[in-house]
Amino acid sequence: MTYLKRAWAETHLDRIKTNVENYKKFLNPETELLCVVKANCYGNGDDAIVPYLENELGIKWFAVSNIEEAKHLRDIGISGEILILGYTPPEYAKELIDYDIIQALTDESHAKELSKYTPNDKRVRAHCALDTGMTRIGVCENTAEKACDTVERISRFKGIQLEGIFTHFASADSDNEDDINYTKMQAEKIVSIAESLKKRLVSLNEIHFLNSAGGIYHSNGKSTLARLGIIMYGLKPNSALDVPFTLKPVLDFKASVSMVKDVESGVFVSYGRTYETSKPTKIATIPVGYADGYPRFLSNKGEVLIHGQRAKIIGRVCMDQIMCDVTGIDVKVGDTATLIGTDGEETITADDIADIGNTIGYEIICNISKRVPRVVYNNGQQIGILKY
Ligand SMILES: *Cc1c(COP(=O)(O)O)cnc(C)c1O
């Protein structure tokens, strides 16, 4: 099992286990875990992670963003429930049935079209999305009464087997009072709709509204599933708000130094000459760049770890290479630079990088490109490599 030691990511399965176990403690016993594994497990490598979740951790529910991701999970042997959280065009009704996939319904017309495309005497398994304040997808009515009417009609479409309803929080990851009240309002809406539907004898197996942040800050036994995403991958839903246990970031991002040199004061570095040395400087070149998903906004701002020490990125991040100031560090070609992860006493997280670029850790890990192999570890042992 070899790979080019240029730039690579390391995915640590044992850290997923720790994150999942810690998270579970916050859930009511009636809430089951649904692992959100969309977008290649947020860039962490679904081919390794999803079988681990199913076979080693006993997870029964998975969610993805689209039908290609859902079919991929079946193709690699996943047998648990798979829920597609986003829109699927109605022409795919038969494939949803053939692959035994549960589809989110974006609204009544989506349900009607899917039903129309469903082969006679077959039904698409579905969870109806309810828009309670995210204004993204979901049945969107101004009263709970009307929302119930719509869901009830959907439940009677001949090609639809309605098994659940769900909604998505807009700001569960905030400690601002207005946001907290907004989240409570969203939860109350879906719970009251679920209760009315029950009175109308529309039977539902699943009613769910918790995401990672919801499960920690708004845990509620009325959600039958908790849709766990970012916390499973070891990042905070909101970097400014502490999670009440130690998260283990699952993915490390590393690269090997390709050149080391000493330059004089007054030398310009990288495109646009945005950096000029002000003293004799030792520079390391590292073959990773924005084509690998290493953000260009780190130009003159980011740091990497080499031999347990921080080295500043100098000049612009190129497509495939960066330069770092390694003055005073004993660096040679082939040494490992840690872009995300821990080296000695020092750590750089995806959240640290996100803060520099005014974005979120989710985007940083999702953007690590398919040019970067994911080297899979469990308990410190290398057990596989995912190449794309
Ligand atoms: C992505 C997603 C999640 C997971 O969100 P996290 O913040 O990563 O836990 C849950 N539910 C829906 C509908 C999603 O789209």
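The sections below set out a description of the structure shown in this document. In this text the structure is predicted, and so the values were computed from the model without any measurement.

**Some details on the site of the ligand**
Alright, step 1. Lining the immediate environment of the ligand, one finds Val36, Lys38, Tyr42, Leu85, Arg136, His168, Asn211, Ser212, Arg227, Gly229, Ile230 and Tyr362.
Alright, step 2. Between Lys38 and the ligand, the recorded distance is 2.8 Å, taken from a side-chain N or O atom to an oxygen atom.
Alright, step 3. The contact in question runs from an oxygen atom of the ligand to an N or O atom on the side chain of Arg136, over 3.3 Å.
Alright, step 4. Surface burial for the ligand is 91%, taken as the share of its 390 Å² of free accessible area covered by protein chains.
Alright, step 5. Taken together, the residues of the shell around the ligand break down into five nonpolar, four polar and three charged.

**Observations concerning the side chain of Ser369**
Alright, step 1. By secondary structure assignment, the location of Ser369 is in the loop between helix H11 (361-366) and strand E20 (374-378).
Alright, step 2. A residue is classified by how much of its surface remains accessible, and Ser369, at 17% relative accessible area, is buried.
Alright, step 3. Excluding residues that lie within four positions of it along the chain, Ser369 makes contacts with Ala291, Asp292, Gly293 and Arg374.

**Points about the pattern of salt bridges**
Alright, step 1. One pass over the full model with this rule turns up 22 salt bridges.
Alright, step 2. Asp98 is the salt-bridge partner of Lys94, the closest N and O atoms lying 2.8 Å from each other. Here Lys94 pairs with Asp98, and both are found in helix H5 (residues 93-98), just four residues apart, close to one helical turn.
Alright, step 3. Residue Asp320 is joined to Arg371 by a salt bridge in which the shortest nitrogen-to-oxygen separation is 3.0 Å. One end of the pair, Asp320, is in the loop between strand E16 (309-313) and strand E17 (322-325); the other, Arg371, is in the loop between H11 and E20, and 51 residues separate them in sequence.
Alright, step 4. Taken together, the shared-partner salt bridges connect Glu145, Asp149, Glu152, Arg156 and Arg200 into one network.

**Quick word on the side chain of Asn40**
Alright, step 1. Mapped onto the elements, Asn40 comes out in helix H2 (residues 38-42).
Alright, step 2. There is a polar contact of 3.1 Å between the side chain of Asn40 and the side chain of Tyr388.
Alright, step 3. In this structure, Asn40 is in contact with Gly45, Asp46, Glu69, Lys370, Arg374 and Tyr388, ignoring residues within four places of it in sequence.

**Concerning the sheet that holds strand E4 (residues 81-84)**
The pairing of strands in a sheet happens through backbone hydrogen bonds and is either parallel or antiparallel.
Alright, step 1. Reading across the sheet, the eight strands line up as E8-E7-E6-E5-E4-E3-E2-E9 and stay open at both edges, with parallel pairing between neighbours. The strands lining the two open edges of the sheet, one partner per strand, are strand E8 (206-208) and strand E9 (225-228). Going across the sheet, the axis of each strand differs from the next one's by a mean of 30°, ignoring polarity.
Alright, step 2. Taken together, the four bridges between strand E3 (residues 61-64) and E4 define a ladder with parallel strand orientation. Across the sheet, Ala63 pairs through a bridge with Leu83, a residue of E4.
Alright, step 3. Along the sheet, helix H4 (residues 67-75) contacts E3 and E4; its crossing angle with E4, the most-contacted strand, is approximately 170°.

**Considering the packing of helix H7 (residues 144-155) against helix H8 (residues 177-199)**
Alright, step 1. One way to put it is that H7 packs onto H8 with a least axis distance of 10 Å and a crossing angle of 55°. In terms of orientation, H7 lies oblique with respect to H8. Where H7 crosses over H8, the handedness of that crossing is right-handed. Listed contacts from H8 to Ala144, Ala147, Cys148, Val151 and Glu152 of H7 are Ser192, Ile193, Ser196 and Leu197.
Alright, step 2. Tallied by class, the residues present in the contact of H7 with H8 amount to six nonpolar, two polar and one charged.

**What about the pairing of E3?**
Alright, step 1. Residues of E3 alternate between two faces, with Trp61 and Ala63 on one and Phe62 and Val64 on the opposite face, all of them buried.
Alright, step 2. Looking at chain direction, strand E2 (residues 32-36) and E3 are connected through three bridges and run parallel. Bridge pairing links Cys35 to Phe62 in E3.
Alright, step 3. Taking the sense of rotation as the criterion, the β-α-β connection linking E3, H4 and E4 turns out right-handed.

Rules and cut-offs
- Residues numbered from 1 in each chain as written.
- Predicted model: local features only at pLDDT ≥ 70, side-chain atom pairs only at ≥ 80, totals over all residues.
- Heavy atoms only, no water.
- Near = heavy atom within 4 Å.
- Polar contact = N/O pair within 3.5 Å; in protein donor to acceptor, adjacent residues only side chain to side chain.
- Areas by Shrake-Rupley, 256 points an atom, 1.4 Å probe, with all protein chains shown as cover.
- Nonpolar A, V, L, I, M, F, W, Y, C, P; charged D, E, K, R; others polar.
- Helix = DSSP H or I, 4+ residues; strand = E, 2+ residues; numbered from the N terminus.
- Buried < 20%, exposed > 50% of the residue type's maximum accessible area, 1.4 Å probe, protein only.
- Contact = heavy atoms within 4.5 Å.
- Salt bridge = Lys/Arg side-chain N within 4 Å of Asp/Glu carboxyl O.
- Pairing = 2+ DSSP bridges.
- Axes fitted to C-alpha atoms, helices over the stretch in contact; angles between N-to-C directions.
- Parallel < 35°, antiparallel > 145°, perpendicular 65-115°, else oblique.
- Left-handed = near helix turned anticlockwise from the far one by under 90°.
- Right-handed = clockwise from strand over helix to strand, strands pointing away.

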